[in-house]
Amino acid sequence: EMAQEFVEGARAVRVLNALRAPGVGMALTAGQYEALTPTGVVKRLIRYGRPGLATRVCAYLRLEDEVCAMARCARATAVLAAASGKDYSEADTAEVVAALLADEDGGYSMDEGRGTKRGPAPGLYSTVALAAHKSGRTGVASQLLNMETDKESKVKGLLAIEDWGGAASVAANAQDDDLMFLTLQELERHCLEAGTHKKNSAGPADALASAEGTFLRTVTTKFPFEVRELLRAYYDTRTDPSAVVALLCRENKLSEAGAAIARRALAPHISQRERRLMLREASRIMNQGKDTLFLKTCTDEYLDLLAEQERLRTEVFKSSNVAREGYSIAETLASIIKHAKNVTRPNDVNRVLLEGDKFAKKFRIPEKMTWSVKVQSFSDSGQWDALRALAESRGKNPIGFKPFATAAIRGRRPQQEVVRYIERVLQPEERFDLYLQGELWNQAVNAAAAMKDEGRVHRVLSGCEIPEIQRRCEKILQDMRTR
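Just so it is clear, the model here is predicted, and its values are computed rather than measured.

Draft legend 1. Summary view of the packing of helix α13 (residues 242–250) against helix α14 (residues 254–265). Running from amino to carboxyl end, α13 crosses α14 at an angle of 165°, the nearest separation of the two axes being 7 Å. Compared by their axis directions, α13 and α14 come out roughly antiparallel. In the packing of α13 onto α14, the handedness of the crossing is left-handed. Residue-level contacts link Val 244, Val 245, Leu 248 and Cys 249 of α13 to Leu 254, Glu 256, Ala 257, Ala 260, Ile 261 and Arg 264 of α14.

Here is the structure:
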């Protein structure tokens, strides 16, 4: 407590010394100072035409914000009045104001002692600039704000004179997200307030749309990239994509705008009807650009797939397990083929498989993919007769018989059936690998001997535990070495 009293007493002595200076001439005793109070001293300094000293006393004693604001306003008014002249241009006035501020505020500091100089306090140029702006001297205000070194004060000053682009540039250069977001908030508030005045001549919806358009137009034409990206990141957090889409369309980023809608359309909680409406809107936006036609085509094809999946589920098969929404083209084709297992009559089976062929043709599925999906689906659903029929069909087989053999091996089909597929594989190396995979040791030994490959014979020998097969392998290896 005693230490605090000492500090307060020292502060009062420094203030009294500053008041007794020859340039001020306000000599007060300690009792008079206490009776007058620091706030009264500040008010008296303002009346005596010493607003600069009043401002420094406020800062030094950390007085209330209202008292500090009163002193700063008085100082700004005094500086502008001192710089006024009939023959002064706005540039000359700004220079005079800056010189007066530097001379007055750069005086001796009560906080640092006699003989120590300091420059204008942070935010001082901004305060005087606002006073100049209110008096109609916009040029003076702009030039004074350019001299401001405190980024936060400069941004707030530029916002006060509605220099939105300048404020955004300063905030972006400072890399301060808070200042950038403040700039966006103030611009949006200004646009909405301006829009409310138009409600008399237009409806509320039209006024709101006009305000949003003005806001986005200003952001895209005057704001730097960093501020636009911050706004986009904020819009991306919203469930409704309309705001981010409007921003991207203003920037002519049509592909990103369409993608933003498409991403939300594919969210799990979106209903089928809403998903299709959103995808149609994405297609419409992508149709406006020359370099987005491919994306539009992809979106339209996906819409066609959704419509076809619904037709297959509700009209053709009347089953929710076929062509579920969200399936890819290959998964949809597989679900159709697997559904044939649930059909008993041969004619109905053929009808189901024919629907699969129509689906593959409609969506231009490559022939190799179609055959691969059929082989996999037949084997997964246990339709081995259909798999055999596909292998023996007269049409050209684009994938060969290795997938058929692999499916039969994994399905643990009879040895005779597996061998029938393997024997139709053209490459001897692939045939050997399939024999080995199916543990068809006799056929594997014969294939390795036919290729005269000791390495493959050793693979059979190391993999098979049947003594008879092992003896055959050893004999074949011995014969190969003697030759």
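What follows continues from the structure just given.
Draft legend 2. Highlighting the nonpolar core. Ranked by size, the top nonpolar core spans 57 residues in total, and within it Phe 359, Leu 387, Phe 404, Ile 422 and Val 460 carry the most contacts. Residues in contact with Leu 387, not counting those within four places in the same chain, are Val 375, Phe 378, Phe 404, Ala 407 and Tyr 421. One finds Ala 76, Ile 161, Val 227 and Ile 270 within the second-largest nonpolar core, a separate group that totals 53 residues.

Draft legend 3. Representation of the packing of aromatic side chains. One pass over the full model with this rule turns up six aromatic pairs. Here the aromatic rings of Phe 181 and Tyr 234 are separated by 5.6 Å at their centres, their planes lie at 80°, and the arrangement is edge-to-face. Of this pair, Phe 181 sits in helix α10 (residues 177–196) while Tyr 234 sits in helix α12 (residues 225–236), and the two are 53 residues apart along the sequence. Overall, the relative accessible area of 35% leaves Tyr 234 in the partly exposed class. On the numbers, 6.4 Å between centres and 75° between planes, the contact of Trp 371 with Phe 404 is edge-to-face.

Draft legend 4. Representation of the pattern of salt bridges within the structure. Scanning the entire structure with this criterion turns up 22 salt bridges. Between Glu 251 and Arg 228 there is a salt bridge whose closest N-O contact spans 2.6 Å. Here Glu 251, found in the loop between α13 and α14, pairs with Arg 228, found in helix α12; they are 23 residues apart in sequence, far enough to count as distant. Residue class for Glu 251 comes out buried when judged on its relative accessible area of 17%. Judged by relative accessible area, which is 18%, Arg 228 ranks as buried. With a closest N to O distance of 2.5 Å, Glu 256 and Arg 232 form a salt bridge. Remark: Arg 232 occurs in helix α12 and Glu 256 occurs in helix α14; sequence separation between them is 24 residues.

Draft legend 5. View of α14. Between its terminal C-alpha atoms α14 stretches 17 Å, which fits the 16 Å expected from twelve residues at 1.5 Å a residue. Looking at α14, one finds that the buried residues are Leu 254, Ala 257, Gly 258, Ala 260, Ile 261, Ala 262, Arg 264 and Ala 265. Elements in contact with the buried residues of α14: α12, α13 and α15 (272–286).

About the cut-offs
- Residues numbered from 1 in each chain as written.
- Predicted model: local features only at pLDDT ≥ 70, side-chain atom pairs only at ≥ 80, totals over all residues.
- Heavy atoms only, no water.
- Axes fitted to C-alpha atoms, helices over the stretch in contact; angles between N-to-C directions.
- Helix = DSSP H or I, 4+ residues; strand = E, 2+ residues; numbered from the N terminus.
- Parallel < 35°, antiparallel > 145°, perpendicular 65-115°, else oblique.
- Left-handed = near helix turned anticlockwise from the far one by under 90°.
- Contact = heavy atoms within 4.5 Å.
- Core = buried A, V, L, I, M, F, W, Y, C linked by side-chain atoms within 4.5 Å.
- Buried < 20%, exposed > 50% of the residue type's maximum accessible area, 1.4 Å probe, protein only.
- Phe/Tyr/Trp six-rings, centres within 6.5 Å; stacked < 30°, edge-to-face > 60°.
- Salt bridge = Lys/Arg side-chain N within 4 Å of Asp/Glu carboxyl O.
- Expected span 1.5 Å × (residues − 1).

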